[in-house]
Number of protein chains: 2
Amino acid sequence: MTDAQVIDEELLERVKDSIEKRDRKHLMALIDELRPADLADLVEYLEPSERPFVFECLEPEGAGEVLVEIEPPVQERILHELDNQVITEIVQELDSDDAADLVGDLPAERAQAIMESVEDEVSKGLERLLPYPDDTAGGLMALEFVAVRDGATVQEAIETIRRKREEVENVYYLFVVDDADRLVGVVSLKDLVTEPPKRKIREIMNPEVISVGVEADQEEVASVVKKYNLVSIPVVDREQRLVGRITHDDVMDVIEKEASEDITLMAGVIRQEIAEESPAKISAARLPWLIAGLFGGILAAGVINQFESSLQKILALSFFFPVIMAMGGNTGTQAATVAVRGLATGDISLVNTGKRLWMELKVALMNGLVCGLILGLIVGVWLSDIYLGAIVSLSLVVIILNSGFIGTAVPLALKKLKIDPALATGPFVTTTNDIISLFIYLGLVTLFLKLRA
Amino acid sequence: MTDAQVIDEELLERVKDSIEKRDRKHLMALIDELRPADLADLVEYLEPSERPFVFECLEPEGAGEVLVEIEPPVQERILHELDNQVITEIVQELDSDDAADLVGDLPAERAQAIMESVEDEVSKGLERLLPYPDDTAGGLMALEFVAVRDGATVQEAIETIRRKREEVENVYYLFVVDDADRLVGVVSLKDLVTEPPKRKIREIMNPEVISVGVEADQEEVASVVKKYNLVSIPVVDREQRLVGRITHDDVMDVIEKEASEDITLMAGVIRQEIAEESPAKISAARLPWLIAGLFGGILAAGVINQFESSLQKILALSFFFPVIMAMGGNTGTQAATVAVRGLATGDISLVNTGKRLWMELKVALMNGLVCGLILGLIVGVWLSDIYLGAIVSLSLVVIILNSGFIGTAVPLALKKLKIDPALATGPFVTTTNDIISLFIYLGLVTLFLKLRA
């Protein structure tokens with residue numbers, strides 16, 4: 001049995017009903033058993049006007065736990081409805097990283113007001129975390145962690161954990177620092193409980209501790225955590241001093257975010273679109289891709305226009321524009337997808353680019369020969385012109401070779417230029433391939449017609 | 001500083017050099033400092049003929065740790081080169097889940113031989129794990145975990161951890177079972193170290209433990225772990241008895257695998273392709289998508305053929321085939337991408353499909369009006385026929401509306417039919433959209449030409 005509660009339509013209807021009736025008691029009875037993540041789902045399914053009442057019914061701590069699980073566009077809308085007093089109470093209950101994310105997303109004026117009204121300790125934490133960009137180690141880290149000096153004993157370390165019990169929700173490793181607060185080792189809780197109380201931490205710690213710098217990109221953080229199967233990773237400043245901790249759940253979010261970003265860049269949609277509720281915003285986000293495709297298509301029309309006389313001779317040549325473009329487009333997308341994913345997961349690095357390109361060319365040649373043969377036969381029979389079929393066949397081989405090359409080379413080149421390679425799977429490369437493919441097809445056929453004439 | 005070692009070209013060259021000279025001592029000196037995951041990367045960069053020598057130089061435990069980090073196609077090739085004695089030693093050193101994965105991937109005959117030669121305890125574990133499909137909780141779980149009875153004391157629990165110290169590498173939670181081995185609670189190690197030794201586990205455990213059934217799909221496992229921010233999740237059988245544990249690193253792999261699968265299904269490439277070394281296998285995997293596109297394109301040619309007389313009247317109508325297809329294709333891909341990702345991450349559920357479809361139609365109408373206006377103007381000016389421009393404009397609005405609808409409806413319908421919605425982003429939907437778009441464009445224009453005649 002999975003204990004994950006499923007929000008079904010029946011529960012949703014009953015919740016909506018109790019909100020409409022402003023029946024606080026009934027609503028609480030319905031949602032009392034739900035975990036914060038499930039309640040967050042439920043809130044997302046509600047209409048915007050129904051959501052504030054749910055938060056009015058929750059205690060600050062519970063409200064905070066639910067709020068951080070809600071997708072940003074919906075979260076923003078809810079925060080807009082809540083008053084500063086409620087937000088202040090919520091921020092005080094959150095972990096430092098979640099608090100910083102929440103305050104960082106508020107309009108500057110409101111953020112300032114909240115900063116002034118929270119307790120001193122909370123506002124100090126916010127001041128430390130807010131300067132870091134969201135997509136860096138500093139932006140991901142929390143200030144809640146347990147660290148001890150290397151000279152401490154096991155017993156003293158356990159005392160430290162006991163003192164921080166309430167503040168630090170999850171402790172998996174104990175970080176070890178020297179007298180200058182520099183990170184020098186790590187002890188797993190498993191080792192801590194099984195070692196004698198008088199033993200020195202220095203003797204049981206693992207000095208080969210993996211850490212990330214506070215300015216490291218989130219993609220780098222995720223790849224280090226994933227590669228070495230870590231549960232949490234300490235964050236250090238330039239002097240190697242321990243400043244924070246990033247936990248596995250934040251890393252999982254980053255991995256999923258980065259994967260979604262690759263996918264959505266491919267299609268030209270924004271990642272947060274799923275939870276976005278304004279059609280105008282979605283439209284605005286998608287239009288650049290569409291308009292790029294539109295002008296690419298107009299360029300393609302210009303290319304075709306150059307070959308008008310060939311088309312006038314054999315109108316049926318135009319029948320095959322869709323198949324020519326689809327083949328170039330699909331081949332390019334396949335090659336680009338593998339390159340983009342491989343670069344993202346680290347399975348392709350710039351060390352082995354030559355090997356990758358060579359492999360793609362071999363694959364493109366094979367696929368080109370198979371597809372070229374099929375299309376050549378069909379065109380030859382359709383137009384009762386076996387030579388024309390042969391030249392279409394040849395042009396498809398060239399098109400697939402070219403598209404495979406461009407699809408692989410562009411993401412690799414973008415990576416070298418430190419631009420997100422996922423852009424290569426968008427309409428720009430596809431459109432370029434469309435135009436080149438049409439040029440190859442019409443060019444070779446026209447050359448053939450001229451030679452035959 | 002990130003302690004992740006980077007495999008640079010210089011190190012790679014020196015390793016290749018020492019392999020060529022069969023210089024075991026030099027090779028060991030070069031790779032001695034590398035962590036298993038880094039050594040795995042290095043091995044993947046080597047030529048197939050160079051790899052076995054590296055494994056000949058490693059101890060069984062080290063060899064096993066490296067082997068499990070290597071991508072399956074390369075791993076398979078290396079296993080093929082190693083003899084049964086070496087594999088037996090490696091299997092004995094691995095955790096039960098990794099051992100089962102490795103043995104499960106061997107040809108049946110070799111797997112049998114290994115099963116017979118490993119120690120009794122290892123072969124018993126393999127017999128328990130091998131029957132579960134790879135993509136279920138049973139296929140992911142390991143048998144190494146720490147569980148205590150609910151009647152035990154904190155002191156006894158710590159003794160249990162001490163006994164299992166070598167066997168269970170990472171302990172984050174202590175699972176609690178009743179006398180019938182049914183899972184009844186969980187204790188974090190943090191709580192364990194901070195509670196008095198005499199206290200009963202029953203009093204400090206959290207009875208609301210989240211678990212998954214042994215037959216649960218890996219996607220479900222990942223979504224539960226992610227949703228509730230777990231580090232590891234206990235696996236139970238139908239009688240709620242504790243049978244295994246899945247850790248966060250395996251879940252991260254699943255999340256990345258599922259995301260990669262979505263992306264690769266979109267493009268029609270296989271997920272493991274990045275590490276695949278046979279161009280023929282890659283070609284075979286990609287050809288179905290290409291050939292589907294090819295025949296779709298031939299169908300499109302058939303559609304165009306039906307409108308030959310319109311094309312003969314105005315040849316320039318064919319110039320706009322690429323732009324018509326690109327617009328339908330891009331719109332459909334955008335809508336499908338959002339639906340597929342939303343379904344995968346759980347942000348779209350079948351509860352709110354109507355809302356999603358309605359949103360997509362509103363977005364499509366906006367985008368259709370913008371793009372239709374631009375294209376209509378260009379066509380009208382180009383062909384000096386403002387009415388023809390208007391009709392092309394109208395047809396683009398209809399095409400974008402249709403593509404947005406199909407792009408959203410198909411993945412939602414596939415999900416309802418329990419088919420992987422990511423298939424909807426492949427060439428089938430794109431090709432369907434291509435054909436319908438051409439039909440709308442040529443149909444409306446032909447109707448207009450007839451009415452005007």
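### Side note on the sheet that holds strand β2 (residues 173-177) of chain B
All names here are of chain B.
- A sheet is described by the order of its strands in space; here 3 strands give the open sequence β1-β2-β3, paired in mixed fashion. Each edge of the open sheet is held by one strand with a lone partner, namely β1 (147-149) and β3 (183-188). Pairs of neighbouring strands in the sheet enclose a mean axial angle of 30°, with direction left out of account.
- Pairing between β1 and β2: 3 bridges, direction parallel. Paired with R149 across the strands is V177, a residue of β2.

### Regarding the relation of the copies chain A and chain B
- Expressed as a screw transformation, the operator carrying chain A onto chain B has a rotation angle of 180° and an axial translation of 0.0 Å, and the superposed copies differ by an RMSD of 0.1 Å. Accordingly, the operation relating the two chain copies is best matched by a two-fold axis.
- Most of the interface of chain A is mirrored in chain B: 100% of its interface residues are interface residues there too.

### With respect to a negative patch on the surface
Residue and element names in this part refer to chain A.
- Residues E61, E65, E69, D83, E89, E93, E119, D120, E121, E167 and E169 make up a contiguous surface patch of negative charge.
- Those elements that place two or more of their residues in the negative patch are α5 (60-67), α7 (84-93) and α10 (120-129).
- Position of E169 relative to the elements: it lies in the loop between α12 (154-163) and β2 (173-177).
- Relative accessible area serves as the criterion here: at 56%, E169 is assigned to the exposed category.

### Observations concerning empty space enclosed by the protein
- In the structure shown here, the tally under the stated rule is 7 cavities of 30 Å³ or more.
- Each pocket or cavity is described by its volume, and for the largest cavity that value is around 680 Å³.
- Taken together, 37 residues line the largest cavity, and the ones lying closest to its centre are T333(A), T430(A), N330(B), T333(B) and T430(B).
- When residues of the lining of the largest cavity are traced back to their parent elements, those giving at least two are α16 (248-267), α17 (279-306), α19 (321-345) and α22 (427-452) of chain A together with α16 (248-267), α17 (279-306), α19 (321-345) and α22 (427-452) of chain B.
- Looking at which element gives the most residues to the lining of the largest cavity, the answer is α19(B), with 7 residues.
- A per-class count over the lining of the largest cavity returns 15 nonpolar, 20 polar and 2 charged.

### Digging into the interface of chain A and chain B
- The interface is formed by 135 residues belonging to chain A together with 135 residues belonging to chain B.
- Together, the buried faces of chain A and chain B total about 11,700 Å²; carbon and sulfur atoms form 65% of this surface.
- We note a salt bridge from K227(A) to D41(B), for which the minimum N-O separation is 2.8 Å.
- If you look at where chain A meets chain B, you find 32 residue pairs in polar contact (both at pLDDT 80 or more).
- Ranked by residue count, the leading element in the side of chain A that touches chain B is α17(A), at 19 residues.
- Classifying every residue of the side of chain A that touches chain B gives 72 nonpolar, 30 polar and 33 charged.

### Describing the packing of aromatic side chains
- One pass over the full model with this rule turns up 12 aromatic pairs over all chains.
- Between the aromatic rings of Y172(A) and Y172(B), the centroid separation amounts to 6.0 Å while the plane-to-plane angle is 90°, which identifies the pairing as edge-to-face. Placement of Y172(A) in the loop between α12 and β2 and of Y172(B) in the loop between α12 (154-163) and β2 is noted, with the two residues assigned to different chains.
- You can call Y172(B) buried: its relative accessible area is 4%.
- Taken together, the aromatic side chains of F321(A), Y441(A), F321(B) and Y441(B) make up a single cluster linked through ring pairs.

### Regarding the confidence of the model for chain A
- Chain-level statistics for chain A give a pLDDT mean of 88 and a share of 96% at 70 or above.
- Here the predicted complex carries an ipTM of 0.77, next to a pTM of 0.78.

### Brief notes about the packing of α19(B) against α22(B)
All names here are of chain B.
- For the pair α19 and α22, the least separation of the axes is 9 Å and the interaxial angle reads 135°. As judged from the angle between their axes, α19 and α22 are oblique. Between α19 and α22 lies a crossing of right-handed hand. Residues F321, I324, M325, G328, G329 and G332 of α19 lie in contact with α22, whose contacting residues are T430, N433, D434, S437, L438, Y441 and L442.
- Of the residues in the contact of α19 with α22, the class split is 6 nonpolar, 6 polar and 1 charged.

### Structural notes on the environment of D83(A)
Residues and elements named next belong to chain A.
- Along the chain, D83 falls in the loop between α6 (72-81) and α7.
- Residue classification places D83 among the partly exposed residues on the basis of a relative accessible area of 46%.
- Placed 27 residues apart in sequence, D83 and R110 show a C-alpha to C-alpha distance of 9.8 Å.

### Some thoughts on unusual backbone geometry
All names here are of chain B.
- If you check the backbone angles, N229 has positive phi at about 50° while not being a glycine.
- Mapped onto the elements, N229 comes out in the loop between α15 (218-227) and β5 (232-236).
- The backbone of Q240 shows a phi angle near 70°, a positive value even though the residue is not glycine.
- Mapped onto the elements of the fold, Q240 is located in the loop between β5 and β6 (242-247).
- Of the residues examined, Q240 reaches a relative accessible area of 22% and is grouped as partly exposed.

### Brief notes about the sheet that holds β2(A)
All names here are of chain A.
- In space, the 3 strands of this open sheet follow the order β1-β2-β3, with mixed pairing throughout. Since the sheet does not close on itself, it has two edges, and those belong to β1 (147-149) and β3 (183-188), each with one partner. Going from strand to strand, the sheet's axes swing by 30° on average, the running direction of each strand aside.
- Relative to β3, β2 runs antiparallel, the two sharing 5 bridges. The residue of β3 that forms the bridge with L174 is V187.

### With respect to the nonpolar core
- Residues I31(A), F55(A), I31(B), F55(B) and V91(B) are the most contacted members of the largest nonpolar core, which totals 133 residues.
- Those residues in contact with V91(B) that lie beyond four places of it in its chain are A99(B), L102(B), V103(B), I114(B), V118(B), V122(B) and L126(B).
- Counting residues in hydrophobic clusters, the runner-up holds 78 residues, among them L317(A), F321(A), F319(B) and V323(B).

### Things to note about the pattern of salt bridges
- Under the criterion given, the structure shown has 40 salt bridges over all chains.
- In this structure, the salt-bridge partner of R241(B) is E239(B), at a minimum N-O distance of 3.2 Å.
- By relative accessible area, E239(B) is classed as partly exposed at 47%.
- Residues joined by salt bridges that share partners form a network here, namely R165(A), D191(B), E195(B), R199(B) and E203(B).

### Quick word on the domain arrangement of chain A
- In terms of domains, chain A is made up of domain 1 (9-131), domain 2 (147-256) and domain 3 (278-452).
- Centre-to-centre, using C-alpha coordinates, domain 1 of chain A lies 30 Å away from domain 2 of chain A.

### Notes on the side chain of T331(A)
- Mapping T331(A) onto the fold places it in helix α19.
- Accessibility expressed as a relative area gives 5% for T331(A), which makes it buried.

### Details of helix α21 (residues 386-416) of chain A
All names here are of chain A.
- With 31 residues, α21 ought to run about 45 Å at 1.5 Å a step, and its terminal C-alpha atoms sit 45 Å apart, in line with that.
- Between a side-chain oxygen at the N-terminus of α21 and the backbone nitrogen of Y387 the separation is 3.2 Å; the capping residue is D385.
- Note on α21: the residue one or two positions beyond its end, K418, has a positive phi of about 60°.

### Focus on the packing of α17(A) against α19(B)
- Closest axis-to-axis distance for the α17(A)/α19(B) pair is 8 Å, and the angle between their directions is 160°. Considering their axes alone, α17(A) and α19(B) lie roughly antiparallel with respect to each other. In this structure, the crossing between α17(A) and α19(B) has a hand that is right-handed. Residues R286(A), W289(A), L290(A), G293(A), L294(A), G297(A), I298(A), A300(A) and I304(A) of α17(A) lie in contact with α19(B), whose contacting residues are P322(B), V323(B), A326(B), M327(B), N330(B), T331(B), Q334(B), A335(B) and V338(B).

About the criteria used
- Residues numbered from 1 in each chain as written.
- Chains lettered and ligands numbered in written order.
- Predicted model: local features only at pLDDT ≥ 70, side-chain atom pairs only at ≥ 80, totals over all residues.
- Heavy atoms only, no water.
- Pairing = 2+ DSSP bridges.
- Helix = DSSP H or I, 4+ residues; strand = E, 2+ residues; numbered from the N terminus.
- Axes fitted to C-alpha atoms, helices over the stretch in contact; angles between N-to-C directions.
- Least-squares fit on C-alpha atoms with pLDDT ≥ 70 in both.
- Contact = heavy atoms within 4.5 Å.
- Patch = residues over 30% accessible without salt bridge, like charges linked within 9 Å, V, L, I, M, F, W, Y side chains within 5 Å.
- Areas by Shrake-Rupley, 256 points an atom, 1.4 Å probe, with all protein chains shown as cover.
- Salt bridge = Lys/Arg side-chain N within 4 Å of Asp/Glu carboxyl O.
- Lys, Arg positive; Asp, Glu negative; His and termini not counted.
- Charge placed at Lys NZ, Arg CZ, Asp CG, Glu CD.
- Buried < 20%, exposed > 50% of the residue type's maximum accessible area, 1.4 Å probe, protein only.
- 1 Å grid on protein atoms, 1.4 Å probe; cavity = no way out; pocket = protein on both sides within 12 Å on 5 of 7 lines; lining within 4 Å.
- Points joined across faces, edges and corners; volume = space filled by probe spheres on them.
- Nonpolar A, V, L, I, M, F, W, Y, C, P; charged D, E, K, R; others polar.
- Buried area = accessible area lost by both parts, 1.4 Å probe.
- Polar contact = N/O pair within 3.5 Å; in protein donor to acceptor, adjacent residues only side chain to side chain.
- Phe/Tyr/Trp six-rings, centres within 6.5 Å; stacked < 30°, edge-to-face > 60°.
- pLDDT = per-residue confidence, 0-100.
- Parallel < 35°, antiparallel > 145°, perpendicular 65-115°, else oblique.
- Left-handed = near helix turned anticlockwise from the far one by under 90°.
- Core = buried A, V, L, I, M, F, W, Y, C linked by side-chain atoms within 4.5 Å.
- Domains from an automatic or database assignment.
- Expected span 1.5 Å × (residues − 1).

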